[in-house]
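Examining the three-dimensional arrangement
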Amino acid sequence: MKIISILCQKGGVGKTTAAVNISSLLSDMGYKTMLIDLDPQGNVATYLNQDKNNNNKTSSVDLLEGVVDINPIIMNDKFALITSDQSISKYNQEKIIGGSKLKKIRNIPYFKNFDFVIIDTPPTMSSLVQEALSTSDYYMIPAKPEFLAVEGVAQAMNFAKKTISQIPTNNPIFLGVILNQVDNRRSSFLDFLNELRYLLSDKLFESHISQSTEIADSPFYAKTVSNFPENSKARNEYLSLVKELVSKIEI
Ligand SMILES: Nc1ncnc2c1ncn2[C@@H]1O[C@H](COP(=O)(O)OP(=O)(O)OP(=O)(O)O)[C@@H](O)[C@H]1O
Ligand SMILES: [Mg+2]
């Protein structure tokens, strides 16, 4: 089991979109994948048209509260979900230090059946993101290719580093920055890419995700890139990202 968190305190950079599409493609590739939402916005459930208020299903609050009898939403035999809702916001505080609750899922036998657990996190520097890091083997940061995004990435990396130094029992590895909503027609893009490569070297994924109306529309139809035609650019970009991810982990 490999646990990977997707984080960035900057909102709207594509965390949820990446979490949903990466999980769905990993399951297509035959990896048993669990997607956990830790964001009070509960966007994972909405994206996939699932009920986040179903009391019969395990929620991420249940995980934080030590429930070990796990009953996730089953999307298919390789893809399961644990959703979130506003009730988790009591743990989403910047004043308290998190990291003591979610790490317990590593010892729950049910989770050991999974090849990958992907965690979507809220756009905050809060105890919930610290909980995610405390249980993760890896983390990654999506970013938009904009000038001010460099600062957002640096802030996210610093927050993760500081958190990791405070959680001595776990030391997740930074897999890298994923560039999302790339528009190659913008002449500044290559300059931006060169600067990011210089700053991040191998901590920048080679695979990028372009700005795509198919992706922007997909939650409306509860679709992931898995449902896109095989020749779809968005699907192929995500597929190449997921292959790069798997090769970085050398599973
Ligand atoms: N490659 C893309 N092309 C076009 N639109 C995209 C792309 N990736 C994400 N989006 C859109 O951008 C918006 C923000 O994406 P998303 O919700 O995944 O970001 P987020 O980082 O999870 O946001 P939050 O910080 O609020 O949790 C959504 O409307 C989504 O559909
Ligand atoms: Mg989100």
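Residues numbered from 1 in each chain as written. Chains lettered and ligands numbered in written order. Predicted model: local features only at pLDDT ≥ 70, side-chain atom pairs only at ≥ 80, totals over all residues.

Describing the pairing of strand 6 (residues 138-143)
- Of all the 6 residues making up strand 6, 5 are buried; the element is thus mostly covered by neighbouring parts of the structure.
- Sheet topology places strand 6 next to strand 7 (residues 173-179); 6 bridges connect them, and they run parallel. Bridging from a neighbouring strand, Tyr-139 pairs with Phe-174 of strand 7. (Buried ≥ 20, exposed ≤ 12 C-beta atoms within 10 Å, placed from the backbone. Helix = DSSP H or I, 4+ residues; strand = E, 2+ residues; numbered from the N terminus. Pairing = 2+ DSSP bridges.)

Structural notes on the sheet that holds strand 3 (residues 73-76)
- Ordered by their spatial adjacency, 7 strands build an open sheet running 3-4-2-5-1-6-7, and the pairing between neighbours is mixed. Strands with a single pairing partner mark the edges of an open sheet, and in this sheet they are strand 3 and strand 7. If you compare each strand with its neighbour and ignore which way they point, the axes differ by 20° on average. (Axes fitted to C-alpha atoms, helices over the stretch in contact; angles between N-to-C directions.)

Notes on the site of ligand 1
- Contacts to ligand 1 come from 19 residues, most closely from Gly-11, Lys-15, Thr-16, Thr-17 and Pro-123.
- Of all elements in the fold, only helix 1 (15-28) and helix 7 (213-217) reach the threshold of two or more residues within the shell around ligand 1.
- No other element matches helix 1, which puts 3 residues into the shell around ligand 1.
- Per-class residue counts for the shell around ligand 1 are 6 nonpolar, 11 polar and 2 charged. (Near = placed C-beta within 6 Å. Nonpolar A, V, L, I, M, F, W, Y, C, P; charged D, E, K, R; others polar.)

With respect to the environment of Leu-81
- Structurally, Leu-81 is set in strand 4 (residues 79-82).
- Between the C-alpha atom of Leu-81 and that of Ser-59, which follows or precedes it by 22 residues, the distance is 8.9 Å.
- Among all residues touching Leu-81, those that are not within four sequence positions of it are Leu-35, Val-44, Leu-48, Gln-50, Pro-72, Ile-73 and Met-75. (Contact = placed C-beta atoms within 7 Å.)

Some words on the nonpolar core
- With 62 residues, the main nonpolar core has Leu-7 and Ile-118 as its most contacted residues.
- Setting aside chain neighbours within four positions, we find Ile-118 in contact with Ile-4, Ile-6, Ala-19, Ile-22, Ser-23, Thr-33 and Leu-35. (Core = buried A, V, L, I, M, F, W, Y, C linked by C-beta atoms within 7 Å.)

A closer look at unusual backbone geometry
- Not every positive phi belongs to a glycine, and Asn-49 is a case in point at roughly 55°.
- Along the chain, Asn-49 turns up in the loop between helix 2 (43-47) and helix 3 (60-64).
- Phi is positive for Ser-201, close to 40°, though the residue is something other than glycine.
- Note on placement: Ser-201 falls in the loop between helix 6 (188-200) and helix 7.

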